[in-house]
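# A look at the structure
As a plain string of letters, each chain reads:
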Amino acid sequence: MKLEAPYALLAELTHRCPLRCPYCYNPVELVRRSAELDTDTWKGVFDQAAAMGILQLHLSGGEPTARGDIEELVAHADGSGLYTNLITSGVLSDAGQLERLAAAGLAHVQISIQDSIADSGDWIAGYAGAQQKKLELAASAEDAGLALTINAVIHRQNIERVGDMIDLAIEMRAQRVEVANVQYYGWGIKNRHNLMPTLEQLHRMHATVKQKIDDLEGRIVIDYVVPDYYARRPKACMNGWGRRFMNITPEGKVLPCHAAETIPELEFDNVRDKTLAEIWTDSAAFNRFRGTAWMPEPCSSCERREIDWGGCRCQALALTGSAANPDPVCELVPGHAEVLATAFEDSRDIEVDFDYRNFGGGS
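Analysis parameters
- Residues numbered from 1 in each chain as written.
- Predicted model: local features only at pLDDT ≥ 70, side-chain atom pairs only at ≥ 80, totals over all residues.
- Heavy atoms only, no water.
- Helix = DSSP H or I, 4+ residues; strand = E, 2+ residues; numbered from the N terminus.
- Polar contact = N/O pair within 3.5 Å; in protein donor to acceptor, adjacent residues only side chain to side chain.
- Contact = heavy atoms within 4.5 Å.
- Core = buried A, V, L, I, M, F, W, Y, C linked by side-chain atoms within 4.5 Å.
- Buried < 20%, exposed > 50% of the residue type's maximum accessible area, 1.4 Å probe, protein only.
- Expected span 1.5 Å × (residues − 1).
- Arc of directions from axis to C-beta.
- Pairing = 2+ DSSP bridges.
- Axes fitted to C-alpha atoms, helices over the stretch in contact; angles between N-to-C directions.
- Right-handed = clockwise from strand over helix to strand, strands pointing away.
- Phe/Tyr/Trp six-rings, centres within 6.5 Å; stacked < 30°, edge-to-face > 60°.
- Lys NZ or Arg CZ within 6 Å of the ring centre and 35° of its normal.

Counting through the fold element by element, Asp 122 comes out in helix H4 (residues 118–125). Within the local environment of Asp 122, its side chain forms a polar contact with the backbone nitrogen of Gly 129, the two atoms lying 3.0 Å apart. Residues within four places of Asp 122 in sequence aside, it is in contact with Tyr 127, Ala 128, Gly 129, Ala 130 and Gln 131.

So this is what it looks like as structure tokens:
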């Protein structure tokens, strides 16, 4: 397999965040502020990314605007030739900062919403007043000349309002909305029993979203993926392990995907010690599940092996105990019935007592 340059880099600038979302993909053990990469190190990483041919830089967290150097980092990334996207909760920033970020070179902002109803959205986020702050920041994006995507995070507690959340994205003047069903890693798997939708809810959501896609063609782009546990085929996680994407944690570890640190057998190189290009090419972690040579049956002989790339390694670990196993959300894999049974069991839980993401990164 010819190894191409990655097209996108996700820079998790910090794990600090005022929200406490119970599905956050950040690890349960959060990186403290004292361990975060400093400004100059991040700038060097952005220069290396541009030199490798990376096109897109996604600035994330936690909450990236918790960094006091966010405007300086955006300006440097833009100067390096990277298309910059800010992925934000929308509660720490304001119109003035968006204008400064746009002037520094920011091209796009992505704001998450937790519900169409403010009280429910605030409850899910664990932050009073979050919904109103998000609406205010979205209103400022157009004035700042920024493209806007709304990330509508869907789970059992809000799935019945998926249509209203898409409508809210239009009211917020977004060009794109991601109907993002919760992924069960990090805090999400701790709360799976309170987040997993029922099959009946899934069918209603599917019909609603498909109708919205038809009705709103030309007005807004709707990205939509079926929840993994109810799927018949696995998704090509990150377009395949180690193929087109790199993720850097606040302390500088370079990962093939957001949740890769859950795989205990892997060790990840750090940008403090090696260049991005070296890590991309030579890292044992990136090469472990890259391509198709690692695949067991039925993946190794499947005609879709270079379409879904064996599915998600972290999901295989969570559901089977080994990241080297086929992703059992695939109906061709032994154990698929058990995945459906897990979804059915978790979706029947009627008690809602979230294990909220703990505040972290203070020192």
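Looking now at the nonpolar core. Among the nonpolar cores identified, the biggest contains 79 residues, and Trp 42, Phe 46, Leu 59, Ile 150, Met 246, Ile 248 and Leu 276 are the most heavily contacted of them. What Met 246 contacts, discounting residues up to four positions off in sequence, is Pro 6, Ala 8, Leu 9, Leu 10, Met 52, Ile 54, Val 254, Leu 255, Leu 276, Trp 280 and Phe 286. Listed in part, the 19 residues of the second largest apolar core include Phe 268, Trp 294, Cys 314 and Ala 323.

Taking 1.5 Å as the rise per residue, helix H9 (residues 199–215) with 17 residues should run 24 Å; its terminal C-alpha atoms sit 24 Å apart, in good agreement. Taken residue by residue, H9 has Gln 201, Leu 202, Met 205, Val 209 and Lys 212 as its buried positions. Summarising the axial view, the buried residues of H9 lie within an arc of 95 degrees, below the 170-degree limit, and thus occupy one face. Of the exposed residues in H9, those oriented more than 90 degrees away from the buried face are His 203, Asp 214 and Asp 215.

Moving on: the sheet that holds strand E2 (residues 56–60). Across the sheet, 9 strands lie side by side as E7-E6-E5-E4-E3-E2-E1-E8-E9; this open sheet has mixed pairing. This sheet does not close on itself; its edge strands, each paired only once, are strand E7 (221–224) and strand E9 (254–255). The sheet contacts of helix H1 (residues 39–52) involve strand E1 (8–12), E2 and strand E8 (245–248), and relative to E1 the element is tilted by about 170 degrees.

What follows concerns the environment of Asp 143. Relative to the helices and strands, Asp 143 resides in helix H5 (residues 130–143). With relative accessibility at 66%, the residue Asp 143 sits in the exposed group. For the pair formed by Asp 143 and Ala 95, sequence separation is 48 residues and the distance between their alpha carbons is 8.5 Å.

Among the 5 residues in E2, 4 count as buried, and that is most of the element. Both E1 and E2 contribute to a ladder of 5 bridges, which runs parallel. Bridging across to E2, Ala 8 finds its partner in Gln 56. After leaving E1, the chain enters H1 and then returns to the sheet as E2, a path that is right-handed. As a crossover connection, the stretch from E2 through helix H2 (residues 70–79) into strand E3 (residues 83–88) is right-handed.

For the rest of this paragraph, the subject is the packing of aromatic side chains. Counted according to the given criterion, the structure contains 8 aromatic pairs. Members of the aromatic cluster, joined through ring pairs, are Trp 123, Phe 354 and Tyr 356. When the ring centre of Trp 280 is taken as reference, the NZ or CZ atom of Arg 290 above it lies at 4.8 Å. Over the face of the ring belonging to Phe 289 we find Arg 313, whose NZ or CZ atom lies 5.8 Å from the ring centre.

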